[in-house]
Amino acid sequence: MDEKTIRKIALANAVDHGGKAETNSVLGKMIAADPSVRARIRELMPEIQRIVAEVNSMDAEGQTSSLGPGGHKKAEPKEEEGGLPELPGARKGKVVTAFPPEPSKYPHLGHAKSALVNYEYAKLYKGKFVLRFEDSNPDIAKKEYYDAILKGLAWLGIKWDALDYLSDHMEEYYRAIEKLIKNRDAYVCTCDQETVKKMRSEGFGCEHRVSSVQTSMDLWKRMLGDMKQGGATVRMKIDMSHANTTLRDPSIARIIDKPHPRTKKKYRVWPMYDLGTSMLDAWEKVTHRVRTKEFELRKELQDHILSALGFKPPYITEIGRFEVKDAVTQGREIREGIERGIFLGWDDPRLLTLAALRRRGFTPEAIKNFLMSTGVTKNESVYEWQVIESFNRKAIDPVSERYFAVMEPVKCKIEGLPTGKISLPVMPGSKKTREIAVRTDEVFLEKGDAEGMKDMRAGLMFLCTANFGEVKRFVSKEVAQETLKVHWVPAPGVRIRIVMPDGTTKSGVAEPAVRKLKVGQSVQFYRVGFCRVDKLGKEPVLYFSHK
Ligand SMILES: [Zn+2]
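Thresholds, definitions, all that
Residues numbered from 1 in each chain as written. Predicted model: local features only at pLDDT ≥ 70, side-chain atom pairs only at ≥ 80, totals over all residues. Pairing = 2+ DSSP bridges. Helix = DSSP H or I, 4+ residues; strand = E, 2+ residues; numbered from the N terminus. pLDDT = per-residue confidence, 0-100. Contact = placed C-beta atoms within 7 Å. Domains from an automatic or database assignment. Core = buried A, V, L, I, M, F, W, Y, C linked by C-beta atoms within 7 Å. Buried ≥ 20, exposed ≤ 12 C-beta atoms within 10 Å, placed from the backbone.

Asker: Before we go on, may I ask you to explain the sheet that holds strand β18 (residues 456–460) in this structure?
Answerer: In a beta sheet, neighbouring strands pair by backbone hydrogen bonds and run either parallel or antiparallel. With respect to topology, four strands assemble into an open sheet ordered β20-β19-β18-β21, the strand pairing being mixed. Looking at strand neighbours, the two that pair on one side only are β20 (472–476) and β21 (485–486), the edges of this open sheet. The sheet contact formed by β18 and β21 spans two bridges and is parallel. The residue of β21 that forms the bridge with Gly-459 is Lys-485.

And the structure:
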């Protein structure tokens, strides 16, 4: 390797790392470019060190210009607008992306990320975004879940160019399956599940693998007709000893008798996941899909199915799953939790469903910003709730009106407290005001504040300074800057209930102005936190968002 090449590598390395090339990484790049370097490390080292020192003595501009135009390709994927790395083989106006939820549960943050990223890519490339329901399992598909998904994505501001349903393509699936059988790419197997499982793990084919096209076609007709559920499946004929076990003659269609929420009893043979999803990609002309890494092993099978039917697979970009610490996202676990009364519903504040986040007072903008910040990468990551909360705080703090509420109220008599009305802006700097009427000398204070202020002089925010001795006594209307200032509510106040993030409910008391709030509005209770108004009425209910 000549000096010019080494210098070029060192310059690129310096530009990538804030102006400082690193001897070891330059050496690594040299070996990657020419493995024979490995045998000559000792001999080349003084030269590499000399060149690295020389490059590091140049300023950033000098390094870039010495590298020359086009002389440098950054190692990381190029970031397009909005922080999305480029899609492979994507052309403006030609990109079709899709998000394919199964209507088996309420959408959560993980779904939202897949939907959002595919949607954003379609926008970025001025292409099309397809929302597709993969509703091939009548046992778990429910109208409630289709609706929740549509509502959740619309709430996030995701707009689909096409809405498709797997269950609208049943005749096409049947034609595809018949073609696969006639071409000997698939067969009908009547072995029981246990036998199929055992033979797949041991790598042997069953007798049906070698049956004639006619035999398979006869069984296929019976599957569509009177054969009982579980009587047979259609299996791809690939390789029973394939290293990737998903390719060991997987089942691609089965009988399910339960009526389907959309097609009722019209169809009883349903495509399974790999056939279902890959064919829809083909029929919808999807060019690119971004999906989570868990499907990695299935890509080979899906490509095989597509090529057997004469279609080209879409480009797949795999991203890492992300989790939020301690959050339950398994549909089954949530369904059971609701049935057993552990969760209040799909919008229980402990859950990561969009319905729950909306009810807790998270804004779609904050959710989108959080999701995009998690990046289009293969890394798996675990986030703390606080991270999502900080995105939301940024969104609602500038627009949330401020009020007084006391969560653990104790009533205190303050001798000499003047009665009357005070008028306060609903937000710092706002022209809109609210009135607080002090009719008696009694106020509610937080239990902790009342106990902590023993024998102190302290301020009631915007109201007065008082002495908190054995007898509490009004001192002056001025609230001294340097004193501790606590929030308060004039008696009798309005009883409120606050549903906490852990699902428990607290009873508190708030200033009467809370009656004038609107359902869905976010407010900040001084020193308590942000809450979303959930229900008005005699005893208003709020959901606690976060501090
Ligand atoms: Zn069989």
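So that's the structure; there's more coming.
Asker: Explain the confidence of the model for the chain to me, please; I cannot follow it from the model alone.
Answerer: Do not read the predicted coordinates in detail wherever pLDDT is low. Here the chain averages 93 in pLDDT, while 97% of its residues score no lower than 70. Counting interchain partners and residues more than four positions distant, the pLDDT-below-50 stretch residues 73–82 has 13 contacts.

Asker: How should I be thinking about the domain arrangement of the chain in this particular structure?
Answerer: Many descriptions give the size of an interface as the accessible area lost when the pieces come together. By the assigned domains, the chain splits into domain 1 (3–67), domain 2 (91–321), domain 3 (323–398) and domain 4 (402–547). For domain 1 and domain 4, the distance between their C-alpha centres works out to 65 Å.

Asker: Is there a simple way to explain the environment of Pro-85 in this structure?
Answerer: By the secondary structure assignment, Pro-85 is in the loop between α4 (60–67) and β1 (96–99). Along the backbone, Pro-85 and Tyr-121 are 36 residues apart, and their C-alpha atoms lie at a distance of 9.5 Å.

Asker: Which parts of the structure should I look at to understand the nonpolar core?
Answerer: Note that soluble globular proteins tend to have their nonpolar side chains buried in a common cluster. Counting 82 residues, the largest nonpolar core has Ala-405, Trp-488 and Val-489 as its most contacted members. For this core, the leading source of residues is helix α5 (residues 109–124), giving eight residues. The contact partners of Trp-488, leaving out residues within four places of it in the chain, are Phe-404, Val-406, Val-443, Phe-444, Leu-445, Leu-460, Met-461 and Leu-463. With 26 residues, the next largest nonpolar core counts Phe-133, Leu-219, Ile-252 and Trp-270 among its residues.

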